[in-house]
Amino acid sequence: MSHLHIPDGVLPGWLVLAGWLCTAVLLAFCIYRVKRLELTRKIPLIGIISALMIVCMTLPIIPFAYHVNLSVVAGIILGPALAFISIFIVDLIIAMFGHGGITVVGLNTVVIGSEAVLGYYLFLMFKILMGNYSVGWSSGIAAVISLILSTSILVLVLYAAHVNPDLVIDTEKEPHIESTTHETESNVKNGLSINVFVKTALALLAFGWMLEGVITGLVIKYVSGIRPDLIEPDTT
Amino acid sequence: MDVALIDYYANHGKSFLHSAAAPSKLLFSALVIASVVITEEFYLLLAIYVSLVSMAVWTRLSVTKIITIAAYPAIFAILFVIVTWDGSLLRAGVIMLKALTAALTMVILIVTTPYPDVFKTLKPILPGIIHDGLYLTYRSLFVLLEMTDELVKGLKVRGGLTKKKYLRNIANFSSGIGLVLIKGFDITEKYYGVMKVRGYTGKIAADKNSGRFSTDDLRAVASGILIFSVSLGIKHYGSIDKSGLYALIVAAIILILSIVYTAKEGN
């Protein structure tokens, strides 16, 4: 659950635009990379994986209001480029249900997309290190590490949301610039908030990371036992 | 989130919002979201929210259901308020209302517009693979929802999901997800075969919009323009005293009149 459930109009405009720009560039790159694949066969697969992610995202695990993403499962089965496209589709659809703001779809795609892409490459790495008989462990560990990294991106986004970029640039240019009392107080409060957030996130999400890791590992182990051809798609 | 219910509402509703074309409703939603983004005043946001509740009344669907579906982001808005707490209750209220208002806008859009119509409107601005992916995701969603429902029922009946056996529950649930995934793939393969037979070459053809602008479209667009104009006006001429409060009073009167009118029409 490392994506942003932040409402519209709360994050600064520059950050929202940066998220959309980043997503647009990455999507263009992914579409370019998958052009060589037989897309007529792959598009229905994107549909089924995206739908599965939506179904899982709509099943909150009580009492934590946590839900699994299965983004790493998407990465392992679809490959990084198709998984990124699939995640954009998922974010767009769930935003229409009011599950996170529509303006933060760009940032959400970057955060969850990074999970899928990292998960795919980490899975390949662990599979080489641990051998072919450990797809469950490889995917599970890959999922946990990917979630930790994507949560770090989320924390960075939240931190950036509090920091006025002009202030940062000015401070870098003139380290001893005098700040107003209000700015100082605000920065101290924001610093505290981010610290509180990181501590809260670590405490609450650690459970979620483990849970998603276990579920990812078991799902991939099950799928590889019955349909091994679905694991490790064409590298895109 | 009841996806099946939302789909039912979108396809079987009989209000002016259901009759309006998808592009008009998308424009309405975009204008309201833009209003939410630019508005920082608590009362004005509350006025927009109350106006949207009036719109929900006009859909002639269950208003309670619509509001409940749209209330889901409130959980996360509370978390965001806690994380960014600066001691201001008004700011917390603004964040909560932004979440609820934006979500209600999107929920009103999707309970009055079938998803394929929304995708069709977005087609000119989306790459082909994403547009087709949206269609196929939507189609697969209902297949998977049914399969997941059957899976959960099956697991419960056979003792696969029992109290206090969390590890076993997780293992069974994960295997179930794996099974749903494989079954989904099989269905996809068959679906792909059917699509091929019917001449699929990588592009799903969408019906063209009728292009006629009806009175229902006008009402939807006008509502959006009105909300956006008021928000923009109050933002620009912020010095007008209690303007947000006046907007709230007007919105509340409209809500009461809407409830009375729809109740009378129902009788």
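Preceding this section is the structure that the text describes.
All of the points below concern the structure found in this document. (Residues numbered from 1 in each chain as written. Chains lettered and ligands numbered in written order. Predicted model: local features only at pLDDT ≥ 70, side-chain atom pairs only at ≥ 80, totals over all residues. Heavy atoms only, no water.)

**A short note on the overall build of chain B**
Along its length, chain B carries twelve helices and zero strands. Listing each helix as α and each strand as β along chain B from the N terminus yields α-α-α-α-α-α-α-α-α-α-α-α. Out of the 267 residues belonging to chain B, those deemed buried represent 48%. Nonlocal contacts in chain B, meaning residues at least 24 apart in sequence, comprise 79% of its contacts between residues at least 6 apart. (Helix = DSSP H or I, 4+ residues; strand = E, 2+ residues; numbered from the N terminus. Buried < 20%, exposed > 50% of the residue type's maximum accessible area, 1.4 Å probe, protein only. Contact = heavy atoms within 4.5 Å.)

**Describing the nonpolar core**
Formed by 126 residues in total, the largest nonpolar core has its most connected members in Ile49(A), Leu70(A), Ile85(A), Ile129(B), Ile130(B) and Leu181(B). Counting residues per element, this core draws most heavily on helix H4 (residues 80-96) of chain A, which supplies 14 residues. Residues from two domains meet in this core; each of domain 1 (3-116 + 210-266) and domain 2 (126-197) of chain B gives at least three. Counting residues in hydrophobic clusters, the runner-up holds 14 residues, among them Val104(A), Leu154(A), Phe80(B) and Val81(B). (Core = buried A, V, L, I, M, F, W, Y, C linked by side-chain atoms within 4.5 Å. Domains from an automatic or database assignment.)

**Notes on empty space enclosed by the protein**
Residues and elements named next belong to chain B. Counted according to the given criterion, the structure contains three cavities of 30 Å³ or more. Taken as a whole, the largest cavity encloses approximately 80 Å³ of empty space. In terms of residue count, the dominant contributor to the lining of the largest cavity is helix H7 (residues 89-112) (four residues). Of the residues in the lining of the largest cavity, the class split is nine nonpolar, four polar and one charged. (1 Å grid on protein atoms, 1.4 Å probe; cavity = no way out; pocket = protein on both sides within 12 Å on 5 of 7 lines; lining within 4 Å. Points joined across faces, edges and corners; volume = space filled by probe spheres on them. Nonpolar A, V, L, I, M, F, W, Y, C, P; charged D, E, K, R; others polar.)

**So, the environment of Met53(A)**
Residues and elements named next belong to chain A. Position of Met53 relative to the elements: it lies in helix H2 (residues 39-57). When the C-alpha positions of Met53 and Val73 are compared, they lie 9.2 Å apart, and in sequence the two are 20 residues distant. Not counting the four nearest positions on each side in its chain, Met53 is found in contact with Asn69, Leu70, Ser71, Ala74, Ser86, Ile87 and Val90.

**Considerations on the packing of aromatic side chains**
Residue and element names in this part refer to chain B. If you walk through the whole model with that rule in mind, you get nine aromatic pairs over all chains. Ring centres 5.8 Å apart and planes at 75 degrees place the aromatic pair Phe119 and Tyr135 in the edge-to-face group. Taken together, the residues span a long stretch of sequence, with Phe119 in helix H8 (residues 115-122) and Tyr135 in helix H9 (residues 128-157) at a distance of 16 residues. Each member of the pair, Phe119 as well as Tyr135, is classed as buried. Between Tyr138 and Phe142 the ring centres are 5.2 Å apart and the planes differ by 80 degrees, which places this aromatic pair in the edge-to-face class. In this pair, Tyr138 and Phe142 are both assigned in helix H9, four residues apart and thus about one turn of the helix distant. Sitting above the plane of the Phe16 ring, Arg219 keeps its charged end 4.4 Å from the centroid. (Phe/Tyr/Trp six-rings, centres within 6.5 Å; stacked < 30°, edge-to-face > 60°. Lys NZ or Arg CZ within 6 Å of the ring centre and 35° of its normal.)

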